[in-house]
Amino acid sequence: MERLLDNLSIDLPSWAFGNSGTRFKVFPASGTPRTVEEKIADAAAVHRLTGLAPTVALHIPWDTVADYRALGTYAEDLGIGLGTINSNTFQDEDYKFGSLTNVEKKVRQKAIDHHLECIEVMNVTGSRDLKIWLADGTNYPGQGDIRWRQDRLSESLATIYQHIGADQRLVLEYKFFEPAMYMTDVPDWGSAYVHVAALGERAVVCLDTGHHAPGTNIEFIVAQLLRLRKLGSFDFNSRFYADDDLIVGAADPFQLFRILFEVIRGGGLAPDSGVALMLDQCHNIEAKIPGQIRSVLNVQEMTARAALVDTEAMAVAQESGDVLGANAVFMDAFYTDVRPRLARWRADRGLPEDPMAAFARSGYQRQIDAERCGGTQSGWGA
Ligand code: PSV
Ligand code: MN
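Cut-offs used in this document
Residues numbered from 1 in each chain as written. Chains lettered and ligands numbered in written order. Predicted model: local features only at pLDDT ≥ 70, side-chain atom pairs only at ≥ 80, totals over all residues. Heavy atoms only, no water. Helix = DSSP H or I, 4+ residues; strand = E, 2+ residues; numbered from the N terminus. Polar contact = N/O pair within 3.5 Å; in protein donor to acceptor, adjacent residues only side chain to side chain. Near = heavy atom within 4 Å. Areas by Shrake-Rupley, 256 points an atom, 1.4 Å probe, with all protein chains shown as cover. Nonpolar A, V, L, I, M, F, W, Y, C, P; charged D, E, K, R; others polar. Buried < 20%, exposed > 50% of the residue type's maximum accessible area, 1.4 Å probe, protein only. Axes fitted to C-alpha atoms, helices over the stretch in contact; angles between N-to-C directions. Parallel < 35°, antiparallel > 145°, perpendicular 65-115°, else oblique. Left-handed = near helix turned anticlockwise from the far one by under 90°. Contact = heavy atoms within 4.5 Å. Phe/Tyr/Trp six-rings, centres within 6.5 Å; stacked < 30°, edge-to-face > 60°. Lys NZ or Arg CZ within 6 Å of the ring centre and 35° of its normal. Core = buried A, V, L, I, M, F, W, Y, C linked by side-chain atoms within 4.5 Å. Pairing = 2+ DSSP bridges.

By the naming in an unreviewed UniProt entry, the chain is L-rhamnose isomerase, taken from Nocardia xishanensis.

Laid out in structure tokens, this is it:
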């Protein structure tokens, strides 16, 4: 179990440190970063206390800077690296009717060019993954030609893919609805798989845990994509209703356990697996840095529990048709309290046994509350 835990590394989303909210209200918080450097400093604070989050993912253009090399050095000096680059083709007037699937060629080209700029950023930051989530879709039956849009999407993605370097990957994320309410152009894992399979080896799927209809068996999708060698990354978060973006493992810890069991079973935590673990969350009302600390700890805790499943005993029960026996083996691991063991894991690595308490004691929040006065706080869109 400890060996698996040593391989855990979680990419934090820069936007989790900015203000966010719903369409009803964004509540600003004191100490919120005004710049990408301040977001990186907060991400570094999470890593210092947990040892779990050595990289921070950027979102372009929210995190645009003039000098990405200098930004990389800044992050390195704080003890972390720059991770996944996320594109954004959903906040421009031009994209009202879609980006890579827009009926107008010049809008499609603009969206393609944005991705090529992201690849240039990756060339400087050394990031491996370009993550593409599209808001493209339609609100009303008949509004768009579903088949035509798939054909354009496939052409646009192929153009982007041609620019993906030998050590880089195109990671395509799916989402079943929102902002498009009737039809989304990449709605599910199957559609994402069809597109990345057509592109080639360096194209893989991103599974955002919040992007499924209620009741979807997400661990099945994990097992299938791993089997197909196309599970590129996770965007972890949790949901009660829609794309809630709540703290991973908060809504349904058992689901997170089941997912991580399949990740381990499919080799997804092996150092060369190519499965990137990322968070995609927003902290609308809770404190943001502790929110991220809690999140990475939740992933670690459920990984530890999933690693405890006695797979040999479970296989014996499965093969002899012992339904309840197999289920009991699985549940035994889920119900095991691994917190003392994780506290020891941390202590052995010079980390605080209780990172939440250590953050509260550290004075970091007080310091940024005092320092970060004036300027414009970062938020969804900056
Ligand atoms: C929108 O649903 C979304 O949360 C996607 O999951 C992306 O990964 C993220 O925004 C950032 O673009
Ligand atoms: Mn996501």
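Here the focus is the environment of Asn217. Residue position: Asn217 is located in the loop between strand 8 (203–208) and helix 7 (218–227). For the pair formed by Asn217 and Ile259, sequence separation is 42 residues and the distance between their alpha carbons is 9.3 Å. Of the polar contacts made by the side chain of Asn217, one reaches the backbone nitrogen of Phe220; its length is 3.0 Å.

A separate point is the site of ligand 1. Not every one of the 13 residues close to ligand 1 is listed here, only the nearest: His59, Glu173, Lys175, Asp243 and Asp280. Interatomic distance of 2.6 Å between a side-chain N/O atom of Glu173 and an oxygen atom of ligand 1. Within the side chain of Asp208, one N or O atom sits 3.1 Å away from an oxygen atom of ligand 1. Contact with the protein chains hides 97% of the accessible area of ligand 1, taken as 310 Å² for the molecule alone. When its residues are assigned to classes, the shell around ligand 1 shows 4 nonpolar, 2 polar and 7 charged.

Mapped onto the fold, Arg361 is located in helix 13 (residues 355–362). What makes Arg361 exposed here is its relative accessible area of 63%. The spacing of Arg361 and Ile85 is 276 residues in sequence and 33 Å in space, taken between C-alpha atoms.

Right, let's talk about the packing of helix 2 (residues 36–50) against helix 3 (residues 68–77) for a bit. Taken N-terminus to C-terminus, the directions of helix 2 and helix 3 make an angle of 25°; their axes are 10 Å apart at the nearest point. As far as their axial angle goes, helix 3 and helix 2 are roughly parallel. Handedness of the helix 2/helix 3 crossing: right-handed. Taken together, the residues of helix 3 that come into contact with helix 2 (itself represented by Val36, Glu37, Glu38, Ile40 and Ala41) are Leu71, Tyr74 and Ala75.

Moving on, we get to the packing of aromatic side chains. Think of a pair of aromatic rings as described by two things: how far the centres are apart, and how the planes are tilted against each other in angle. Per the stated rule, a full pass over the model turns up 14 aromatic pairs. Ring geometry for Phe261 versus Phe330: centroids 5.1 Å apart, planes at 85°, classification edge-to-face. Of the two residues, Phe261 sits in helix 8 (residues 253–265) while Phe330 sits in helix 11 (residues 323–334), which places them 69 residues apart along the sequence. Phe261 gets classed as buried once you look at its relative accessible area, which sits at 9%. An aromatic cluster of three or more residues is present, and its members are Phe254, Phe257, Phe261, Phe330, Phe334 and Tyr335. Over the ring of Trp148 we find Arg152, and its NZ or CZ is 4.7 Å from the ring centre. In this arrangement the basic side chain of Arg305 is found over the ring face of Phe334, its NZ or CZ atom lying 5.2 Å from the centre.

Core analysis: the largest hydrophobic core is formed by 98 residues, its most contacted members being Leu170, Val222, Phe234 and Phe236. With sequence-adjacent residues up to four places away left out, Leu170 is seen in contact with Leu130, Ile132, Leu157, Ile160, Tyr161, Ile164, Leu199, Arg202, Ala203 and Val204.

Next up on the list: the sheet that holds strand 4 (residues 129–132). Spatial ordering of the closed barrel is given by 1-2-3-4-6-8-9-10, a layout of 8 strands whose pairing is parallel. On average, adjacent strands in this sheet sit at an angle of 30° to one another, irrespective of strand direction. With 2 bridges connecting them, strand 1 (residues 10–13) and strand 10 (residues 276–279) associate as parallel partners. Across the sheet, Ile10 pairs through a bridge with Leu277, a residue of strand 10. Against the sheet, helix 6 (residues 189–199) engages strand 6 (169–173) and strand 8, with an angle of about 160° to strand 8.

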